[in-house]
Amino acid sequence: MKINNGVDGMAWGDWETLADADATEAWGAALGRACGNGAVVYLFGDLGAGKTTLCRGLLHGLGHQGNVKSPTYTLVEPYEDIRPRVYHFDLYRLADPEELEFMGIRDYFSGEHLCLVEWPQRGQGLLPSADCEVELQVVGTHRQLRCRACTREGKSIVMRMQQAVRTS
Ligand SMILES: Nc1ncnc2c1ncn2[C@@H]1O[C@H](COP(=O)(O)OP(=O)(O)OP(=O)(O)O)[C@@H](O)[C@H]1O
Ligand SMILES: [Mg+2]
């Protein structure tokens with residue numbers, strides 16, 4: 001499942017319980033605040049684990065006013081009304097990672113945008129690597145989440161998240 005092994009031994013954090021969808025959205029909003037500028041975030045988890053819910057919270061937290069729908073069929077949904085611009089990918093239906101080339105992913109992953117990627121496993125080989133990774137799991141009627149940094153920038157993001165939790 002793991003695409004890269006992180007840098008400097010950056011390990012997964014502890015699992016956190018998210019009691020309901022509002023908690024998942026709130027976690028997403030906090031992640032959006034912590035990202036600040038551009039970053040690449042991979043979202044792991046089974047169908048229905050809460051990945052899109054987290055993205056919805058992040059987008060609304062950054063000020064997006066409209067709906068947030070799952071880009072299952074379009075593969076990517078752009079949000080250019082907010083800063084940083086956010087590109088939300090769902091690669092579940094990607095038949096071949098080479099399709100990413102045809103989509104022009106290089107423009108999306110330019111470094112100044114925030115790219116959220118559901119089902120990154122499907123793009124393995126061509127998808128740019130993540131700054132941080134989030135994993136969601138269904139546990140009964142709740143969800144559990146853990147995250148880890150994969151780059152120096154990702155480490156700053158995770159540290160800002162931890163700081164926000166400590167001061168809240
Ligand atoms: N913490 C939570 N507790 C209970 N239900 C939740 C929680 N977070 C999200 N959900 C619910 O889980 C359902 C599926 O969520 P979502 O569509 O975000 O999953 P997903 O991981 O994006 O799935 P897919 O892989 O199909 O895109 C939604 O009904 C959502 O409200
Ligand atoms: Mg989804």
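1. Some details on the packing of helix α1 (residues 21-35) against helix α2 (residues 51-61)
Point 1. Where α1 contacts α2, the two axes come as close as 6 Å, and the packing angle between them is 50°. Considered as vectors, α1 and α2 are oriented oblique to each other. α2 is crossed by α1, and the crossing has right-handed handedness. Across the interface between the two elements, Ala 21, Thr 24, Glu 25, Ala 26, Trp 27, Gly 28, Ala 29, Leu 31, Gly 32 and Arg 33 of α1 pack against Thr 53, Leu 54, Cys 55, Arg 56, Gly 57, Leu 58, His 60 and Gly 61 of α2.
Point 2. Across the contact of α1 with α2, the residue classes tally to eight nonpolar, seven polar and three charged.

2. A word on helix α5 (residues 152-167)
Point 1. With 16 residues, α5 ought to run about 22 Å at 1.5 Å a step, and its terminal C-alpha atoms sit 23 Å apart, in line with that.
Point 2. Within α5, the full set of buried residues consists of Gly 154, Ile 157, Val 158 and Met 161. Buried positions in α5, seen along its axis, are confined to an arc of 95° and lie on one side of it. The outward face of α5, more than 90 degrees from its buried face, is lined by the exposed residues Arg 152, Met 159, Gln 163, Arg 166 and Thr 167.
Point 3. Of the surrounding secondary structure, the elements contacted by the buried residues of α5 are α1, β2 (39-44), β6 (132-139) and β7 (142-149).

How each quantity is defined
- Residues numbered from 1 in each chain as written.
- Chains lettered and ligands numbered in written order.
- Predicted model: local features only at pLDDT ≥ 70, side-chain atom pairs only at ≥ 80, totals over all residues.
- Axes fitted to C-alpha atoms, helices over the stretch in contact; angles between N-to-C directions.
- Helix = DSSP H or I, 4+ residues; strand = E, 2+ residues; numbered from the N terminus.
- Parallel < 35°, antiparallel > 145°, perpendicular 65-115°, else oblique.
- Left-handed = near helix turned anticlockwise from the far one by under 90°.
- Contact = placed C-beta atoms within 7 Å.
- Nonpolar A, V, L, I, M, F, W, Y, C, P; charged D, E, K, R; others polar.
- Expected span 1.5 Å × (residues − 1).
- Buried ≥ 20, exposed ≤ 12 C-beta atoms within 10 Å, placed from the backbone.
- Arc of directions from axis to C-beta.

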